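# Secondary and tertiary structure notes
What follows is the residue order along each chain.
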Amino acid sequence: MIVVTGATGNVGTSLVRAMAGAGQQVTAVSRGTAPVDLPRGTRHVRADLGAPETLRPALDGAEAVFLHDGGAGGHGLDPRAVLDVAKAAGVRRVVLLSSQGVVTRAESPSHGGVMRATEDAVRESGLAWTILRPGGFASNAYAWAPSVRAERTVAAPFGDIGIPVIDPADIAEVAAVVLRSEEHSGHVYELNGPAVVTPRQQAEAIGVALGEQVRFVELTREQAHARMAAFMPEPIVETTLAVLGEPNPAELRLSPDVDRVLGRAPRPFAEWARRNVEAFR
C-alpha cells in the first residue's frame, strides 16, 4: 500500500489517480475538512504532517510514502518526527517532493535551508529514499486565472525572462514510477520542462488554448512584490522574484531526468494550458 501526503495538491491529486489507475492500493492523506474527490477504492485519511501522530492510521500496512516537504509551510514541519512515525509503522521507502531551490538557492533560509533540512532527515532516516527536485510549476499560472477570465489579461513581472517549468502531472508520473520500485532508491532527480518559457509566452499559450487573445501586462518588480506579499512570507517573495528575474545557470539547465525515468520528454507548458483551459474560461 502507498500513502500519498498532500493528496489534494497539484501533484498529489495526479499521483493518487496514477497509482490507483495502475491497480495500487492507495491511502490519500490531506488535512482539510472539505470533501475529497478520489478514485474508487482509494482510502482517505485526514492527518496533519505538523502533528505526526495523526499519521498513524494512514500508515498502517503501508510499504511506501510520498512525502511533501511542506512548501512555504515547511518551517513548522519536523521531518524527523514524521519519518520516525513512518518507520514505526513498518514503512520501507519514502519519496520526498523537495525543490530545485535546495541547490540553486542554497543560501536562502526560506528555500534552501528548510528544504535541505528535510532532505537530510530523509537521507538519515534509515529508509530507502528517493528525492524529487522540481523547478517552477506550470500550475503556478493558475494565479492568472481570475484576470484571464475577467479581462483576458495576464499581469506578471519579467515578461521576457524565462525558466523551464514542469507540469505537475509529470512530477506525479515520475513519483508513481519510483514509489513502485526500489531501483530508484538513493537517487535525486531534478525535474523541469523541455524548454525555457517566458511569462509572455505562457500568456500566449493560454490564449491559444482558449482560442482568444490574452493580453500580457508587464508589472514592475515593486508591483509584483506588493501583490505577492499579500499571500507569501517576505523571504519567499524575495527569493521567488530573484528566481523569476535573475535565474542562475542551474535554474536554466534543462534536466534529462524526466526522460530517464519515464522514457519520454516532459510535457511543454502549452500542453498543460490545453489540458487545464477550463480554469481560464
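Scope of this entry: the structure provided in the associated data block. Not measured: the values here are computed from a predicted model.

## Some details on the pairing of strand 2 (residues 26-30)
- With five of five residues buried, strand 2 is to be regarded as a mostly interior element.
- Alternating positions in strand 2 separate into two faces, V26, A28 and S30 on one and T27 and V29 on the other, with burial throughout.
- Where strand 1 (residues 2-4) meets strand 2, three bridges bridge the pair, whose relative direction is parallel. Within strand 2, the position partnered with V4 by the bridge is A28.

## Considerations on the packing of helix 1 (residues 10-21) against helix 7 (residues 168-180)
- Where helix 1 contacts helix 7, the axes come no closer than 8 Å and their chain directions differ by 50°. What the angle tells us is that helix 1 and helix 7 run oblique. The handedness of the crossing between helix 1 and helix 7 comes out as right-handed. Judged by residue contacts, N10, V11, S14, L15, A18 and M19 of helix 1 engage P168, A169, I171, A172, A175, A176, L179 and R180 from helix 7.
- Taken together, the residues of the contact of helix 1 with helix 7 sort by class into 11 nonpolar, two polar and one charged.

## Here's the deal with the layout of surface pockets
- Roughly 270 Å³ of volume is contained in the second largest pocket.
- Along the walls of the second largest pocket sit 17 residues, with N10, T13, S14, R17 and N276 positioned nearest its centre.
- Looking at the lining of the second largest pocket, the elements that each hand over two or more residues are helix 1, helix 7 and helix 13 (269-275).
- Here the lining of the second largest pocket gets five residues from one element, more than from any other, and that element is helix 1.
- Here the lining of the second largest pocket is composed, by residue class, of six nonpolar, seven polar and four charged.

## Focus on the sheet that holds strand 5 (residues 93-97)
- In space, the seven strands of this open sheet follow the order 3-2-1-4-5-6-8, with parallel pairing throughout. Here the strands that pair on one side only, and so sit at the sheet edges, are strand 3 (43-46) and strand 8 (188-191). Across the sheet, the mean angle from the axis of one strand to that of its neighbour is 20°, orientation sign disregarded.
- Relative to strand 5, strand 4 (residues 64-68) runs parallel, the two sharing five bridges. When the bridges of strand 5 are listed, F66 appears paired with V95.
- Along the sheet, helix 7 contacts strand 1, strand 4, strand 5, strand 6 (128-134) and strand 8; its crossing angle with strand 5, the most-contacted strand, is approximately 165°.

Conventions we followed
Residues numbered from 1 in each chain as written. Predicted model: local features only at pLDDT ≥ 70, side-chain atom pairs only at ≥ 80, totals over all residues. Heavy atoms only, no water. Buried < 20%, exposed > 50% of the residue type's maximum accessible area, 1.4 Å probe, protein only. Helix = DSSP H or I, 4+ residues; strand = E, 2+ residues; numbered from the N terminus. Pairing = 2+ DSSP bridges. Axes fitted to C-alpha atoms, helices over the stretch in contact; angles between N-to-C directions. Parallel < 35°, antiparallel > 145°, perpendicular 65-115°, else oblique. Left-handed = near helix turned anticlockwise from the far one by under 90°. Contact = heavy atoms within 4.5 Å. Nonpolar A, V, L, I, M, F, W, Y, C, P; charged D, E, K, R; others polar. 1 Å grid on protein atoms, 1.4 Å probe; cavity = no way out; pocket = protein on both sides within 12 Å on 5 of 7 lines; lining within 4 Å. Points joined across faces, edges and corners; volume = space filled by probe spheres on them.

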